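# Topology and contacts: notes
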Amino acid sequence: MHDKPDEPVGRLIEEFLTARATRKPSPHTLAAYRRDLTTVASLVAVDDGTTPLPLDRLPVSALSPRVMRAAFASFAAPRAAASVHRAWSTWNSFFTFLVAEGVVPGNPMPAVGRPRTPLPQPKPLRGEDTPEELLAAVAREDGRQRDPWPERDLAVLALALCAGLRLSELLALRVASVAGRPGERRVDVAGKGGRPRTVPIEAGVDRVLVDYLDSRRRRFGSRSVRPDSPLLVDRRGEPLRRGGLQYLVESCYRRAGIGDRVPRGARLHALRHTFATRLAEDGASAAEIMRLLGHASLASSQTYIEVTAGQQRAAVASNRTNRALAGLVGQREVR
């Protein structure tokens, strides 16, 4: 319980962000929270009804339903519905936090209207054979590259196309994240919001990852592939970062000549959407797709994961990208 119920909103926003940080959101998510909270709060006018107060003078007790409706009306005027919806959700979480802390008696946000936003549409790679063309192009060494590393590039694409991992999930992988006995291989993923999930991988993806780690040993030595080492590294052996991973995928698109088949605004996420779309096309159920992509929590129990593992593995095995990748790896081994 706070001793000062009229604490300034600016200070409480910082407390909320500190509390959220323990959930390990991405820096981009925290920045979005801060931006939504401070932007709307800067529009609150309580003295004369027209002049906004600075955040360090704005008392939280002034944030009544009427005041919040007026602030959101000003916020919404120049913005898209999706942006207003996101800000509403952020403020709803903020007030839920304040109620739990005993700072305010209730949450005014249910009295503040929010626009309905349509569900985002999938943005897979365009073209029936585009994923196969991309994998084949990247598997070949490109003499124009300064330091070609097709094994690493193919591993990145395989994890995105055949396991549906997000950018942040790819960066968080460790060498030990790829585990399991032969025939039951899997990737243990730290999903969005810190929620864990397990994604089965087929023999083709497993072979690609083995080839990649072997090539990494040749480049940087055995110590570079210790279990706790980052799974994906750059050409200097340093952990791949967000910008480096995005550039890598962009360069793969250019080498394959498929840049015009990548939906605008999707880029790396188009690979994840391709994974999900092909699962649906090849017969996976909605529940299987939700679990594999991490849209539903898998933290209920390890037993539940084990019971459904066979169904999930069958769903992944039905993905024809996996079959194409297995054939591609087989061709490389024959050579």
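Residues numbered from 1 in each chain as written. Predicted model: local features only at pLDDT ≥ 70, side-chain atom pairs only at ≥ 80, totals over all residues. Heavy atoms only, no water.

## Overview of helix α9 (residues 242-256)
Between its first and last C-alpha atoms α9 spans 22 Å; for 15 residues at 1.5 Å apiece the expected length is 21 Å, and the two agree. Among the residues of α9, those classed as buried are L245, L248, V249, S251, C252, Y253, R255 and A256. Check the buried side of α9 and you find it contacts α5 (130-139), α6 (150-163), α7 (167-172) and α10 (268-281). In the segment just after α9, G257 is the residue with positive phi, at about 65°. (Helix = DSSP H or I, 4+ residues; strand = E, 2+ residues; numbered from the N terminus. Expected span 1.5 Å × (residues − 1). Buried < 20%, exposed > 50% of the residue type's maximum accessible area, 1.4 Å probe, protein only. Contact = heavy atoms within 4.5 Å.)

## A few points about α6
Compared with the 20 Å implied by 1.5 Å per residue over 14 residues, the 19 Å span of α6 between its first and last C-alpha is a close match. Across the 14 residues that make up α6, a large majority, 14, are buried. Immediately downstream of α6, the backbone of G164 shows phi near 70°, a positive value.

## Brief notes about the packing of aromatic side chains
Throughout the structure, instances matching the rule amount to nine aromatic pairs. With a centroid separation of 5.7 Å and 45° between ring planes, the pair formed by W149 and Y212 is classed as tilted. With W149 in the loop between α5 and α6 and Y212 in helix α8 (residues 203-220), this residue pair connects regions lying 63 residues apart in the sequence. W149 sits in the buried class, given a relative accessible area of 0%. Put simply, the rings of F16, Y33, W91, F94, F95 and F97 touch in pairs and so form one group of aromatic residues. One Lys or Arg, R219, reaches over the ring of W149 and ends 4.2 Å from the middle of that ring. (Phe/Tyr/Trp six-rings, centres within 6.5 Å; stacked < 30°, edge-to-face > 60°. Lys NZ or Arg CZ within 6 Å of the ring centre and 35° of its normal.)

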